[in-house]
Structures are given as C-alpha cells and as structure tokens.
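Report on the structure
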Amino acid sequence: MKTSDTSRTVIPYESLSHHLRSPLASLQALLLLLERTAVGSDAGTIEKLHEKISLLTRRIDQVTEYLRLQQNPEFTYSFFRVGDLIQEVSGQKDIQIRGSVDAEIMADRVFVRDLLLGILGVFSKKVSVTVTESPEKPEILVHCMGSAYEENGSSEHSVENSLLYVIAMLALEHLGGSVVERPVKKGREISVLLPKSMKKK
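All figures in this text were calculated on a predicted structure; none of them were measured in a lab.

Calculation criteria
- Residues numbered from 1 in each chain as written.
- Predicted model: local features only at pLDDT ≥ 70, side-chain atom pairs only at ≥ 80, totals over all residues.
- Heavy atoms only, no water.
- Phe/Tyr/Trp six-rings, centres within 6.5 Å; stacked < 30°, edge-to-face > 60°.
- Lys NZ or Arg CZ within 6 Å of the ring centre and 35° of its normal.
- Core = buried A, V, L, I, M, F, W, Y, C linked by side-chain atoms within 4.5 Å.
- Buried < 20%, exposed > 50% of the residue type's maximum accessible area, 1.4 Å probe, protein only.
- Helix = DSSP H or I, 4+ residues; strand = E, 2+ residues; numbered from the N terminus.
- Contact = heavy atoms within 4.5 Å.
- Patch = residues over 30% accessible without salt bridge, like charges linked within 9 Å, V, L, I, M, F, W, Y side chains within 5 Å.
- Areas by Shrake-Rupley, 256 points an atom, 1.4 Å probe, with all protein chains shown as cover.
- Salt bridge = Lys/Arg side-chain N within 4 Å of Asp/Glu carboxyl O.

1. What about the packing of aromatic side chains?
Counting across every chain of the model gives 0 aromatic pairs. The residue whose ring lies beneath Arg188 is Tyr165, and the NZ or CZ to ring-centre distance is 5.1 Å.

Structure, rendered in structure tokens:
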C-alpha cells in the first residue's frame with residue numbers, strides 16, 4: 001500500500017479488486033450448490049439471492065472501475081466541447097442546455113463522459129444545465145438543476161445512482177475539479193467545476 005502526503009492510504013487496484021471479488025466468487029459457488037440441492041419451494045428464494053448477488057457484482061464493478069481509472073496513466077487527451085458531451089450523455093432525460101455551450105476543455109473524453117453520466121444520473125427527468133466559461137480562471141462551471149430521485153430511496157435504482165454520483169465526485173476531485181450541491185425544494189442543484197485542462201495528477 002502507498003501513503004500520500006496527506007496520510008491517506010491508497011489501495012492498489014489489483015489488491016482491492018481481489019479482496020472484493022474473492023468473497024463474491026465464494027457466494028456464487030455456494031448459490032450454485034444450493035440450486036443443485038434445492039426443492040421446488042426454494043425457487044423464489046434462490047431467484048432473490050441471484051438478484052442480490054448480481055446487484056453486489058455491479059456495485060463492486062463500479063468501485064473497482066473508479067480505482068482503475070484513478071490509477072490508470074494511459075489517458076487519451078483531446079479537445080472537445082462541453083455542450084456536445086452533455087448532449088451525448090443525456091440519454092432519456094430532457095436536458096435544456098444554455099450558456100457557453102461551445103466552451104472547450106482538454107481532457108480524456110471517455111473519462112469526463114463517465115463523470116457526467118454519474119452526476120446527471122441523480123436527476124429523474126428534466127434538467128436545466130447552464131455552462132459558464134470563467135473569464136478569469138481556466139475553468140468551466142456546469143450548473144445543473146432539476147427534479148431528482150429520492151436521496152434516501154430504498155430502491156436499487158436510487159442506490160445505484162447515489163453510488164455512481166459519489167464515485168463521479170471523487171474522480172473529479174482527483175483531476176482538480178469539484179462538485180458542490182445546494183439543497184432546493186423538490187429537486188437538486190449541482191454545480192460542477194471542470195478545469196479546462198484536466199490532466200491526471
């Protein structure tokens with residue numbers, strides 16, 4: 001393990017991946033064994049166990065993927081417009097973009113796309129996005145506001161979005177950016193600060 005100047009422990013990707021996936025593999029093997037010896041009345045229980053293990057697998061994939069990206073030096077840097085990337089990740093959401101949509105940053109496009117997916121994922125449907133290019137500093141502010149999924153919701157969808165949001169925040173901070181959230185009535189207001197040059201530290 002490596003220790004940074006701020007005394008935080010950094011766990012190598014390979015080590016964390018192994019420690020998370022080994023118990024998961026044991027659970028999968030036990031479930032397979034249970035399936036072979038189960039009777040008809042156990043079908044519902046086994047199906048629920050399959051769902052929980054699948055969900056756990058996705059969560060582990062998300063955490064280890066964040067760490068892999070954080071430690072991966074092989075980024076492909078290019079210039080691209082922030083507005084184009086926001087449109088690209090909008091998916092089924094109704095996103096209204098205004099402001100400095102032609103503002104460009106230099107970064108790994110795939111990495112920033114994944115960050116924006118994680119952040120915009122907390123909004124349920126309509127999102128208003130304002131892009132502002134700072135005249136004084138080499139940075140771009142992406143201000144997002146809209147209706148959101150319940151933060152404390154117990155559904156798998158809600159938990160999944162919350163986890164991706166936290167991972168995106170941590171990854172962005174690692175590249176010199178930040179995410180600031182302000183509580184608003186019946187929604188969320190999130191400000192994302194993107195450095196114009198997002199090189200891996």
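Next, the rest of the story.
2. Description of the nonpolar core
Residues Ile86, Val142 and Met198 are the most contacted members of the largest nonpolar core, which totals 34 residues. For this core, the secondary structure elements donating two or more residues are helix 3 (82–88), strand 5 (104–108), helix 4 (109–120), strand 6 (123–133), strand 7 (139–148), helix 5 (156–174) and strand 9 (187–195). Sort the elements by how many residues they give to this core and helix 4 lands first, with 6 residues. For Met198, the residues in contact, after removing those within four places along its chain, are Tyr77, Ile105, Met106, Ala107, Val112, Leu115, Leu172 and Leu175.

3. With respect to a nonpolar patch on the surface
There is a patch of nonpolar side chains on the surface, built from Leu27, Leu30, Leu33 and Leu56 and spanning about 370 Å² of accessible area. Here the nonpolar patch gets 3 residues from one element, more than from any other, and that element is helix 1 (residues 13–37). Its place among the elements puts Leu56 in helix 2 (residues 43–71).

4. Thoughts on the pattern of salt bridges
Tallied over the entire structure, the rule returns 7 salt bridges. Asp114 serves as the salt-bridge partner of Arg113, at 3.4 Å between the closest nitrogen and oxygen. Accessibility expressed as a relative area gives 31% for Asp114, which makes it partly exposed. Across the salt bridge formed by Arg182 and Glu189, the nearest N and O atoms sit 2.7 Å from each other. Residue classification places Glu189 among the buried residues on the basis of a relative accessible area of 10%.

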